[in-house]
Amino acid sequence: MGTTESRAPAVRLSGIGKSFPGVRANYDVDLTVRPGTVHALCGENGAGKSTLMKILYGVQKPDEGTIEVGGERVTFSSPSDAIEHGIGMVFQHFQLADNLTVTENVVLGAEKLHGIGDKARAEIQRISDAYGFGLDPDELVEDLGVGERQRVEILKVLYRGAKIIILDEPTAVLVPQEVDALFDNLRELKSEGHTLIFISHKLDEVLAVSDDITVLRRGTTVGTVVPAETSSRQLAELMVGAELPSPSTSESTVTDREVLEVRDLTVHDAAGRVVLSDIDLVIHAGEVLGIAGVEGNGQTELVEAVIGLLKPSAGVVELKDQDVSSWGTRERRAFGVGYIPEDRQRHGLLLDAPLWENRVLGHQTRKPSSKGKLVDRAGARQDSQRILEQYDVRSPGIDTTARALSGGNQQKFIVGREMSGEPSLLVAAHPTRGVDVGAQAAIWDHIREARRRGLAVLLISADLDELIGLSDSLKVILRGRLVADFDPRTVTPSLLGSAMTGADSTETPQGGAA
């Protein structure tokens, strides 16, 4: 039996180039992936990783260069061609139909494999059970949390039997224990002969799970390294020319002035089930309150109740000593609430609108986006340019559509917009999800600076290091209840992860509030 070195590469990309209007996404990219290995692809947002993988998956056609799969030169016109060659891709931004069930989403386009009935459903249940996804084949996707949606995407690829699997930020929504379980799955897939291409901004994960790492910078390859001979800091320098950033906040800026108070908040879903129960919390000016929890435990409902998207069954929401429980989202936003949504593409941007129009979103009643009852086009355009410069949003200009930006640049634009107008409260749901270390460091810096100026922050994040590093206080949410308090100065990611999964529900949290 030949070794991976003596066999033809699973994938070889040579001289790949791809441009879009005003943006050169890839040029002269070379990538060789050995069969039966986990190959990581790293780089800043805008470095061209996602575009390159979309080319391999047949979503985009390269302007130049060649693709080889298993030693055979191929040309893909669509993902169907890639799937026929055993390639599957799990996208960072989900490709799911909200109004269909899990089963219907998985079998869509793959009806010939197991039909659309009981046989297909049984196979989906088998895969879900085998990999611990915990998915109900009959549940509507619109009722799933972000983490569950991502698991549906992974299940779709496994269902189609791909031998080469591209994973774009697969751990972005997982707690440490789930990441470990996923990595076990990847190693098992590798042992069965699968080849995995793993896109991630979490350098410790890349080093832990990969056999080879290729780094892209500004659209081209700058090198391939072996994890055993590379550190996180060296990878970060290859990616962004800087040291690995830290989210840690050195000095306390917490005041005694309450900005947000939530009392006895209870929320029921459409089916009458309790999704939030008796939530009490207070955030002061200059304080970051972090909420840790596994996806689907009430974080989304808490955020929506605070910003006015969801009407609670009971309880009170106060902003700056004003009862805003009966206020709508627009009134709360105008009263000084900034909002970074957990899914930037679904809830934060109009993808086909230019950036200057996206600057107006949520700010249409306030300067500089409005003048009286009319949109102030000149003011919005000028402030959009400021955001591009101040937040290092890499874009040809303010007339570029939001869709043309990489995920990290989309996120930096949203952060810049929501920090505008000196908000009193920032509700930040996964503010650095899916962004590179450079963009992550920039967003952390902006949050820290606003915190020093007295901003109160409600921080929801699946990145436990981010939660611990940025927060002044920490709470854990489990099954819709706040079940534990932790001191960020003493808590560890492992201890926090245990509380999030209920593993230590009978114990008193170490470093927690009495």
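These lines cover the structure that appears in this document, whether it is placed above or below. (Residues numbered from 1 in each chain as written. Predicted model: local features only at pLDDT ≥ 70, side-chain atom pairs only at ≥ 80, totals over all residues. Heavy atoms only, no water.)

## Quick notes on the environment of Asp28
Thought 1: Tracing the backbone shows Asp28 in strand S2 (residues 23–33).
Thought 2: A relative accessible area of 48% places Asp28 in the partly exposed class.
Thought 3: Separated by 10 residues in the primary sequence, Asp28 and Lys18 place their C-alpha atoms 9.2 Å from one another.
Thought 4: In this structure, Asp28 is in contact with Gly15, Ile16, Thr220 and Thr221, ignoring residues within four places of it in sequence. (Helix = DSSP H or I, 4+ residues; strand = E, 2+ residues; numbered from the N terminus. Buried < 20%, exposed > 50% of the residue type's maximum accessible area, 1.4 Å probe, protein only. Contact = heavy atoms within 4.5 Å.)

## Regarding the packing of helix H15 (residues 407–419) against helix H16 (residues 437–452)
Thought 1: The contact between H15 and H16 brings their axes to 10 Å, and the two run at 10°. Between H15 and H16, the crossing angle belongs to the class labelled roughly parallel. Of H16, the residues touching H15 (which contributes Gln411, Lys412, Val415 and Met419) are Ala439, Ile443, His446, Ile447 and Ala450.
Thought 2: Taken together, the residues of the contact of H15 with H16 sort by class into 6 nonpolar, 2 polar and 1 charged. (Axes fitted to C-alpha atoms, helices over the stretch in contact; angles between N-to-C directions. Parallel < 35°, antiparallel > 145°, perpendicular 65-115°, else oblique. Nonpolar A, V, L, I, M, F, W, Y, C, P; charged D, E, K, R; others polar.)

## Regarding the pattern of salt bridges
Thought 1: In this structure the tally under the stated criterion is 26 salt bridges.
Thought 2: Note that Asp445 and Arg448 form a salt bridge whose closest N and O atoms lie 2.7 Å from each other. Here Arg448 and Asp445 lie together in helix H16, a separation of 3 residues that amounts to about one turn.
Thought 3: Judged by its relative accessible area of 43%, Asp445 is partly exposed.
Thought 4: Judged by relative accessible area, Arg448 falls into the buried class, the value being 11%. (Salt bridge = Lys/Arg side-chain N within 4 Å of Asp/Glu carboxyl O.)

## Some words on the packing of aromatic side chains
Thought 1: The full count for this structure, using the stated rule, is 2 aromatic pairs.
Thought 2: An angle of 75° between the planes, with centres 6.0 Å apart, marks the rings of Phe183 and Phe198 as edge-to-face. Residue Phe183 is located in helix H7 (residues 176–191), and its partner Phe198 is located in strand S8 (residues 195–199); the two are separated by 15 residues in the primary sequence. Each member of the pair Phe183 and Phe198 is classed as buried.
Thought 3: Residues Trp327 and Phe335 carry aromatic rings whose centres are separated by 5.1 Å and whose planes lie at 80° to one another, so their mutual orientation is edge-to-face.
Thought 4: In this structure Trp327 comes out as partly exposed when scored by relative accessible area, which is 25%.
Thought 5: Residue Phe335 is classed as partly exposed on the basis of its relative accessible area of 26%.
Thought 6: If you follow Lys320 out to its NZ or CZ, it ends over the ring of Phe335, 4.2 Å from the centre. (Phe/Tyr/Trp six-rings, centres within 6.5 Å; stacked < 30°, edge-to-face > 60°. Lys NZ or Arg CZ within 6 Å of the ring centre and 35° of its normal.)

## Description of helix H10 (residues 299–307)
Thought 1: Residues Gln299, Leu302, Val303, Ala305, Val306 and Ile307 constitute the buried set of H10.
Thought 2: Looking one or two residues past H10, Gly308 carries a phi angle of roughly 95°, positive in sign.

## Quick notes on the packing of helix H14 (residues 377–390) against H15
Thought 1: For the pair H14 and H15, interaxial distance at closest approach is 9 Å and the crossing angle is 120°. With respect to each other, H14 and H15 are oriented oblique. Crossing angle aside, the handedness with which H14 passes H15 is right-handed. For the pair formed by H14 and H15, the contact residues are Ser384, Arg386, Ile387 and Leu388 on the first element and Phe413, Gly416 and Arg417 on the second. (Left-handed = near helix turned anticlockwise from the far one by under 90°.)

## A few points about the pairing of strand S9 (residues 212–217)
Thought 1: Counting buried positions over the 6 residues of S9 gives 5, a clear majority of the element.
Thought 2: Here S9 pairs with strand S10 (residues 220–225) via 5 bridges, running antiparallel. Note that in S10 the partner of Val215 across the bridge is Gly223.
Thought 3: Connecting S9 to the next strand, S10, in antiparallel fashion are 2 residues, including Arg218 with a positive phi near 50°. (Pairing = 2+ DSSP bridges.)

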